[in-house]
Structures are given as C-alpha cells and as structure tokens.
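Residues per chain are reported as follows:
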Amino acid sequence: MKSFSYERVATAAEAASALGRTKGAKIIAGGTNLLDLMKLGIEAPDHLVDVNGLGLDKIEETAEGGLRIGTLVRNTDMAADARIRADYPLLTRAVLAGASGQLRNKATTGGNLLQRTRCPYFYDTAMPCNKRKPGSGCAALSGASRQLAVIGGSEACIATYPGDMAVAMRALDAAVETVRADGTTRSIPLDQFYHLPGTSPDVENDLAADELITHVTLPAPVGGEQTYTKIRDRASYAFALVSVAVIRHSDGSGRVAFGGMAPKPWRAEEADAAMAKGAEAVTEIAFAGANPTEDNAFKLPLAQRALAKILHGKGE
Amino acid sequence: MTDTTRSRSSVTMTVNGTEQQLDIDNRVTLLDALREHLKLTGTKKGCDHGQCGACTVMVNGRRVNSCLSLAVMHQGDEVTTVEGLGSPEDLHPMQAAFIEHDGYQCGYCTPGQICSAKSVLEEIRAGIPSHVTRDLANVVMNDDELRERMSGNICRCGAYANILAAMKQVAEETA
Amino acid sequence: MKFDHPATDGPADRQNVLGKPHKRIEGPLKVTGRAPYAYERHDVAPNQLVGYPLGAGIAKGRIVAMDLEAAKAAPGVVDILSTLDMETLPVAATNVAPLFGGDEVRHYHQAIALVIAETFEQARAAAQMIRVEYAETVGRFDMATADTEDADIPNIGDFDTAFAEAEVTSDHTYTTPAQSHAMMEPHASIAQWQGEKLVVWTSNQMINWAKKALVTTLSLDPENVRVDSPYIGGGFGSKLFLRSDAVMAALAAKKVGQAVKVSLPRPFIFNNTTHRSATVQRIRIGMAKDGRIKAISHENLSGTLPGGAGEDATNQTRYFYAGDHRKFLNRIATMDLPESNAMRAPGEASGLMALEIAMDEAAEAAGIDPVRFRIINDTQVDPENPERRFSQRHFIECLERGAAEFGWAPTAPAMRREGRWLVGQGVAGGYRGSPVMPSGARVRLQPDGRLIVETDMTDIGTGSYTVLGQTAAEMLGLSLDKIEVLLGDSAFPVSAGSGGQWGATSSTGGVYAACMALREQISKQIGADADTVDFRDGLVTAGNRTMTLSEIAAGKEIIAEDKMEFGEFRKEAYEVATFASHFVEVAVDAYTGEVRLRRMLAVCDAGRILNPITARSQVIGAMTMGVGAALMEHMELDATRGFFANHDLAGYEVPVHADIPDQEVIFLDTADAASSPLKAKGVGELGLCGVAAAIANAVYNATGVRVRDYPVTLDKVIDRLPMPDAG
C-alpha cells in the first residue's frame, strides 16, 4: 500500500470536487473492499476522500412511493429498515446473504455496488489480469475458474461480479443517483450502471472519474413473493456460486435476476416473460449464448435448479 | 484545502474508556493502531483482509473488522477491545462462559469470537434480522441464529459447538 | 526413566486430578487477550523493526535480476534482504524446500526478499516496489504425468489371485485434493541477536526441531540458539517445522543489528509454506459371500517436491481390517508445487477419506449393513504379523455403542425425504496410530509449596498446559492451582513437542518421570524410602511423620529433571493405536445439492482420557475439520502456472459456525497400560480420521449419488440428482 493523503469532507459536492481536483483520488466509505485491495497493491490511490461525514445515511420515501437510500446507509441498517423489510424483503434477504455481521456493519450501499471481483487472478498481482493491468492478459481463461462467469464475459475477462445486494436491486429496477464535480446529477438504471468487460474489463461501471454515488432509488413496491437464494460451498460467509433473486406474482408472472453467473447482476427481461413456463424456460433464455469453462459449467444447471426450487415454492 | 502532501494525520479516539491521541501514518489500520501503537495485542490479526474475524472489535457499540478500517477514520469514536471487556481478575460474563464451556483451543480467534458473541446477543435483542431469520418481522434467539451470526468468526480449531454453548448460557443469564 | 514394560498401578492411577474435567489453566489469559503470541511480544526486545516478505511470482525457474532501488529508497526502509545475497541456505532434516537464498525458484511464493523498515506500512509498501526478472522453466504440476517412485511396503499372501477368485468385489478410485492447514495465527517470528546468540520468539509446535533446523539452516552452534513459543495460534502440522518467517527474521536482524519481526501475510502462506498433498487412491476389496474380506489392496499416488515423502494414504489399511491377502503400493510423484508435508493425521486423514467410502461400497456390494460389515472384518492382531497384537482395540465397541447412541437406522439410498430435503445417515471407522517420542521435563518445588513445571512442550490449543499441570498435581498430591506450567522455551528440557498425536501421551510421561525424580529427592531429603512415602493433599507422609511440601522446600527450592524414554517393547510386542466410529446425518437439498449436517457423533477408543474437557474439544475440533475436508476444502491447482490459486481465507473455504451441527463425543476411556505410564493415548488426530467419509457415505445414503472425488461439493451431486417435480 503506497502512501496517500487523506481528507474528510462534509458534503457530496465537496467530495465530487475533491475527486475532480485531485489526481489519483478515491472515495472511501466503509473501506471493506477498498482497503483489502489497497493492501495487496491492486488499488493504489494517492489520496483518500473520507465521505463518512456526508450525512447520506438516511432512507427517505420518494414522491413516487418508493425509497431513496443514502449511499452511506450501512448494509446492516438497510437490511433492518422496517420499510425495506416489509416492502422490499428481497433486498433485505440479499443483503443478509452477503459477507458477515461485522462487514455489514461497515459496508455501505454505494460501496457495495462498487465492490470488485473476487477472481483469484485479479487478486494475485504476479498474475496477468486485464482488469487489474489492462493488456496483461487473462490467466483465468486457462486457470482456476470454478467461481467465474459463464455468460457476459469476453476473451479479455471472465470475472464475476461478487455481490448480492445489487442482484436484488437489479430485480427491483433500482437506479443509482450520482453527482459530479460540476454539480450535475443523474440517475442511472442499475442495468446501465454496470458495464460488461468486452475489451476493457478495467472499466466496470458508468461512473466518470469525478462522479460520486449519492443514493440508490427503489421504485414503488412491486409486491409479489420475493425470494433470494444464495448457493455456496459453505453455509455462510462466502461468495455465491450462484444466487437467484425472484419476484413472483400470484398470476405466475414475475422477475428474476442472477448473481455469480456474470460480470454484473444478470437479468434478461425477456426471460422474465417466460416465468410462468418454469425454470427451464427462463434459464434457457437468460443464459442463451453462455460460454462456461469446464470448471464452472455446473453453474448453468445449478441456476436452473435454484430457480426451480423457488418457483416450486421451496425457496425458504 | 486538500493537502495531498501529508501522509500522516492525527486522530483522537476513546479506546476502552481512555482517550487516545495518535499521530499516525494514514495507512495504519485500526487493528494495527491497537496492536502496534497502543500495544493492545488482544485483538488479533488472522488474515488482515476481512476473511476471518479475529480482529473484531466494537466501534460505537457495533462490531467491525478492525483490519478493514483506517485508524484515521475513527476520529471521536469509542472503541472497545477484548481488553476492555474484562481482565483475568474481573472477567466479562461472556469471557467467563468461554472458559466454562471450553469455547476455544489455541486462543487466537478467541478475542474476536468474544467480541462478536457479545454483539450478536445485542443484535438479536435489537431485532436486527439475519440470513436465517424466518419471519423478518419477528427476530428470535435460537441456535441457527447464533450460528449464522457468528459465521464471520472462523475458528480453525473447531470450537464452534462450545462457543454456541457459551453464548446460550450468557443469553439465558441475561434474558 | 524408561518405559520398558506395561505400566503397573502407581501414583498417576489415583485419578484425583487427572481424568477430571479441569478447565484450561491458561483460559483467563486467552479470553482476555493477555496470552502473548509470537508477533505481539513488544516486551522481549527493544526497537523492533518490521520485515515484510516478497514471494516468487513463478513456480519454477531462476531469478535473473531483482531491482531493489526504489524499495531501498522508500521512506522508513532500513535494508533489504535478498535471496541473491547468498547461496541457497542448507536444508534441515525436517524441511524439504529450502527456506531462503540463491537464485533458483523451486515453487510459487518461495520467499525471495524481505524489506526491513521502521513500520509495517513502510515495509509492505516497499516490498511492492521490488521488480523481479525471472527466467521461467517448465515445471511438473500434473501428478498424473509426473515421474514417480514407489515406496516399499510389504505385500502379504497373493492378492491378485485371491481378488480374482473373490465372490464379491469392490474396485474404485478415489481422489482427495490438496488441503491447507489454515490455522488462525499466521507464521510469525521476532528475532534478536545478542552477539553470537540468537533468540527467536516464534510460533512453532516442535521447539527442538525448530532449534535444530535453525542451527543447520544458519550454520550456528546449538548453544547459541534459543527458541521461545509459549502460545501458538493453531498449527495442525503447519508449524511442525522451521519456516521462512523465522529464517528471514534471523537473517534480517543480523543484517541490521536490531531485532526484526516478520509475520507471513495470509495470502502468502498457502503457497510459501506447506500443504497436504492431493492423492489418487485405488482400493480393491475381495470378499466371501458372507462379507468377510479375503483380499484388500490400497494403491496411493501423491506428490512432493524432490526429497519429500508425499502423503502415504495406505498406512491405516495395513492394520485396520482383516484379510489374508494384502497388497499395497505407495507412489510418490516428484513435482514442482509448493512443499507438501504433514497436516493433522498425515496419511490416515486422506487414507480414511478413501478407505471408509470403499468399505461402504464393499458392504453394499456384499449386501451387509456397513456397521456390521466393519465388525465382521475386525482384527485383534496386526494382519501383517499375527504374532503382534493390538495393545488394545475396542473398535467393535465403538461401532456398537455408536450405532445404539446415534440411532443408526439408514434407509435404502435416496429413500428418506423431508420436504425438499433428502436425508441420509453415514458411518465410518477411524484409525490412527498412537506413537510416542522421548520427552523431558523439569519440576521445581517452591518454598511456598507451589510446583513449577518446565518443558519445551507446546500447547497448540490441545490443552498441554492443563494436562501437564494435572499430571504434576496428581504425582505430588497437590491441587491444580498450586502448579505453574511453563512451556515452549528451548531453555527448558526437550520434550516430544506437538505432532502426530503423540504430544499428550509423551509429554505427560516426561512430567511423570520428572515428578518421580522429585518424589525420590524429597524422600531422600527426609530420609525415607520413596516407595513408602505418600504424597497427598499437599502433605508428605513417611511412616508416622507428616510434613507439608512447603516445609520440605522451606530453605530452598527442590529441582528435579528427567526424561521419559519409551522402550522398544511398545512397538515390538504391540501395535498401539486409537480407534473411532463416526456417525453423521445429513440433509441434501434435492434441488441444489447443498449438503447440511444435522448431527455428528464420534465414539473414541483412545486410552485413558487425561482431561475430558480438552480431549472432547480436540475431537469436536477435528470433526469440524473433517466437515471441511468432506464438503468444501480444496486448494485449487492452477496446473498451467503451478500454484494454488485460492490462496486466502475467502478463496480457501473452511467450515464456519453455520456449517456445524450438534456434535457428540463418547470416550470409552480405556486405560492402555502398554501405551504410557499414564495409560493414555493420542486423540487429537483420531477425531479427524474417518469423519469425511462418514459424511460422503451419508450423502450417498441420502441421494443415491456416490461421490468419490473430494470435496463433495454440490456440482458433483446435482449432475446425477433427479430434478424434483413441482408440488
């Protein structure tokens, strides 16, 4: 970890302006992923902007009947929020499926969205990795890939997005609100927020260099039965092999998003339309064109079975 | 306004009830501030990457991994470590219960387990749900809840069953 | 003192303190964070600098150049230790891979440099600035294609003919993956030189081996080396041997003339230090129609760096079950992966993972209940040499007692369903030898009547502090609170150390010997015959005279030292071993193949139990490790680049709280006079032996899917598991 300077800021505008003004600056909030990566030399900011004093730690109701979640709301608090528990249980379930109690006490909403892949080659700085060091190659393609992506990857990168929260947010049609150094704000639908690797796997999302996440907005509650299933080798405190977020209405319609399968939370709206026909129909559409390795091909039948479990009403 | 030349900062926090002022390298984690600067070595470094829970301490009453937090980010915070819970002569009930139920072997994950165990009982009583909570509107204390919530603290010696017994004893005593 | 015939009744048999459930005497220090581990010893040496290591980024080849300039110029850097500064250091007898020095890279993350700086942060930052140029060469990373050597194991009878003629046969191949110890405390050392004298405060299971290895590696005079390791945050074999942290700390401290401390970063440990080798095992069992084994063969393949022994998974099969015709093959592949070496129950842990599935499959082939099948194939003699008996063997009782207590009632495979869960039961046998090592101790009776025990024995969580205290208390008729136990310092008498589940058996023998010597000395001092003197309740009674121990030691402490040596009779006349049965119930998600344990039971035949609390903890801990072996633990080999890719505690999953169900342990508490003066045997490794197979067998019973490749992860189950119907 190289030396860096550090400042605390009090407003989002100050934070964005610090990002814009200072070369090599990065935002730090919970720090649970950034510090991990800094210790290994994978992230190497020159300057850290501590945004914990921004006050963006509230969950407010929107005029549209949804919720606006401040970027600094800790995972624990989001999952425990009474409105989210009651109206967006999918989100509570997804957040609680991730990490550990200690980590959820620190980890923030914005930071969780930005967490980076757990690909072992991204984590090992002696290895080629196009995401960490553009142009160096991808060791995972010929290496250990059990955890890695079966769809959405490229010749340059097959890393998976590791999170749970964003998978639920994708199913809930959440949007990310941001501010830039010049004060402009925008709202980015979660699907557009994440980029697929293509030829530049180092670019993971839509944020500009001076752009800061301020909120995540959830549309008005959609109701239905909401289930998040996370499958992993041990019973807790592990990243997903596969996770499935399902919202299902009594008429058989619904939405589904998958985690652990792709470089971003994976949802195909046309697959949602097949929900009434069952898991096989949904996954056939959602994972059309999948390109798994020998090590991770099992994720495709696993995703189908996990979805079937939920659609059969056995997802508890 | 932004001083990008300074790689050190001063920070004041309260650790186990004592105010501590530190002038430290920005890179120092809360864990290393405790272990190396304040010589409070009860908090352990098992992985330094948030993957084991040995470094668990309470900050403002909440348990966190002290390895994934910079000391300079704790201006004004109240930090409680295992040393602050009790001493050999005056054990915290959770510490006493760990001895009673042999909730440890090598002892290295133990301070983190104890800090977590204490917090877990508080979290359940505060109605904070977990991955295994059946009814999100009604959080109850049971073995599955304790096991799930303690899963961020790895014990390679495998004292889990005894840690569970220790926690249940304290939960009952303080019910 | 020599243990050269089975123990007769003596003072240790009183069982006033021994055998009782005493809580750990060091417990208050551990639960309050006051027990000092290696890296935390701020008090032992002033002005400690910090060393941060750099590991090789290739698996095999040479270092052509190392650019240290930027690192040397970085803030706070005092100096840099480079592997190019010296020839490859000599390799101690207990090590396989060299620990430092030279330009040759023999495995991934071999230590090649250490930055020495004023602070940890400075050292780490500078280490990341070092640029290394390698000349990579082709390594041997695939066990299946690597050159092998066969170890010599006697074959008995004519296996091939007997197997060919057997009425019922079973012939399958099993694999176990490379596993990592993953103890919670990283390898760490502080080193300081005082002139020619080196002191290393470290975390090591075997003080004398560490000392000897330092002497060899650094070419020192044994008189000039002290190793101290009073608290060890877990080892499981990873800390049996000297490792790079201690070597680099010592070299660095010499170089800068100041104390240096080094802790191996967690992501570095998996490839820099040792692991348990992967194995491929073929097991053939030929039976008569009634299920009696006529022929048994176990072939094993494992890997090692040149000069290592690999993982001999055949060992238990030589002794565990009957059968006249026996054939073994242990093939050792020479490879260029990181050093494979001992991990808890080396050999047996892997061997029983395979053998006890094979026994389940053989029982099924013979149409016999697997508990019954093991019972009818029990042997009370060494099958290779029927003249030699097991000193004690209560394996049948383990099985019968376990079946009764557990409620052993498996259905036919895949026949028990509870909602979406497929439920099954599994059983396995456990076998582990109970070796001993010479072990010394010193006891010092204080004028105030307290007794201090000193030995270089270690407590790696096993309970040594407590059981050695109990031994001394029993022998001198004192209560446990009058005993102070000091461990882990090479200035103390050389003990057995902690390994191979020999620790408690051997080191209590050493304390027994020292206490016998003290009793002798006290008796002499009061002019009595030691055989007639009674030590009880802090009092010494000789004839009609009664004195307190403090009166006797009033003028001056009384010191006695002795060593227990174990005679050849123990090996020649007997096979001394420990036995267990493991019963588990699992539920497998019919959709996803996720396996959840519901309950576990171990019944152990492990001699006299010295302390039922710490012994039980050893067993439940080992059962937990067995859950890891069964369901999740595997070092993912990148066979292209020759390293283990999942080299941290997020990637290498070990069991967490949520994985572990109710665990029950029953000790038969069978005093074995042939084993040790205390009639005790090892238990810490026994608890692991067979656990994983019991789980794999239960998964088969639950699902009808037989997985022969560990770990039994869901991907290996779902491809053969029918998708449940809706509704």
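Residues numbered from 1 in each chain as written. Chains lettered and ligands numbered in written order. Predicted model: local features only at pLDDT ≥ 70, side-chain atom pairs only at ≥ 80, totals over all residues. Heavy atoms only, no water.

Participant: Where do I start with the interface of chain C and chain B in this structure?
Facilitator: Frequently, the measure chosen for interface size is the accessible area removed from exposure when the parts meet. Across the boundary between the two partners, chain C contributes 60 residues, which contact 51 residues of chain B. Note on chain C versus chain B: buried area summed over both sides is about 4,500 Å², and carbon and sulfur give 57% of it. Its largest share of buried area at the contact with chain B, chain C owes to V31, M184 and H657 of chain C, together 19% of the area lost on that side. Taken together, chain C and chain B are joined by seven salt bridges. Ionic pairing is found between E40 of chain C and K44 of chain B, a salt bridge with its closest N-O pair at 2.8 Å. Elements supplying a minimum of two residues to the side of chain C that touches chain B: α1 (27-31), α3 (120-127), α7 (266-272), α16 (612-631) and β33 (662-667) of chain C. Per element, the largest residue contribution to the side of chain C that touches chain B is nine residues, and it comes from α16 of chain C. Partitioning the side of chain C that touches chain B into residue classes produces 29 nonpolar, 17 polar and 14 charged. (Contact = heavy atoms within 4.5 Å. Buried area = accessible area lost by both parts, 1.4 Å probe. Salt bridge = Lys/Arg side-chain N within 4 Å of Asp/Glu carboxyl O. Helix = DSSP H or I, 4+ residues; strand = E, 2+ residues; numbered from the N terminus. Nonpolar A, V, L, I, M, F, W, Y, C, P; charged D, E, K, R; others polar.)

Participant: Looking at this structure, I do not really get the pairing of strand β14 (residues 279-287) of chain C. What am I missing?
Facilitator: The side chains of a regular strand alternate, residue by residue, between the two faces of the sheet. Residue and element names in this part refer to chain C. Taken across its nine residues, β14 has seven buried, putting it largely inside the fold. The sheet contact formed by strand β9 (residues 168-176) and β14 spans nine bridges and is antiparallel. Across the sheet, residue S170 finds its bridge partner in β14, namely I285. Examined bridge by bridge, β14 and strand β15 (residues 293-304) share nine bridges and lie antiparallel to one another. Counterpart to R284 in the pairing with β15 is S297. Between β14 and β15, which pair antiparallel one after the other, the connecting turn spans five residues, and G291 there sits at a positive phi close to 90 degrees. (Buried < 20%, exposed > 50% of the residue type's maximum accessible area, 1.4 Å probe, protein only. Pairing = 2+ DSSP bridges.)

Participant: Sorry if this is basic, but what is going on with the interface of chain A and chain B here?
Facilitator: Taken together, the contacts link 46 residues of chain A with 48 residues of chain B. Around 3,700 Å² of area is buried between chain A and chain B when both sides are counted, 52% of it from carbon and sulfur atoms. At the boundary of chain A with chain B, the tally comes to two salt bridges. With its nearest N and O atoms 2.7 Å apart, the salt bridge here joins K39 of chain A to D48 of chain B. Linking chain A with chain B are 22 residue pairs in polar contact (both at pLDDT 80 or more). Of all the elements in the fold, those that place two or more residues in the side of chain A that touches chain B are β1 (5-8), α2 (34-39), β3 (47-50), α3 (75-80), α5 (89-97) and α6 (101-106) of chain A. (Polar contact = N/O pair within 3.5 Å; in protein donor to acceptor, adjacent residues only side chain to side chain.)

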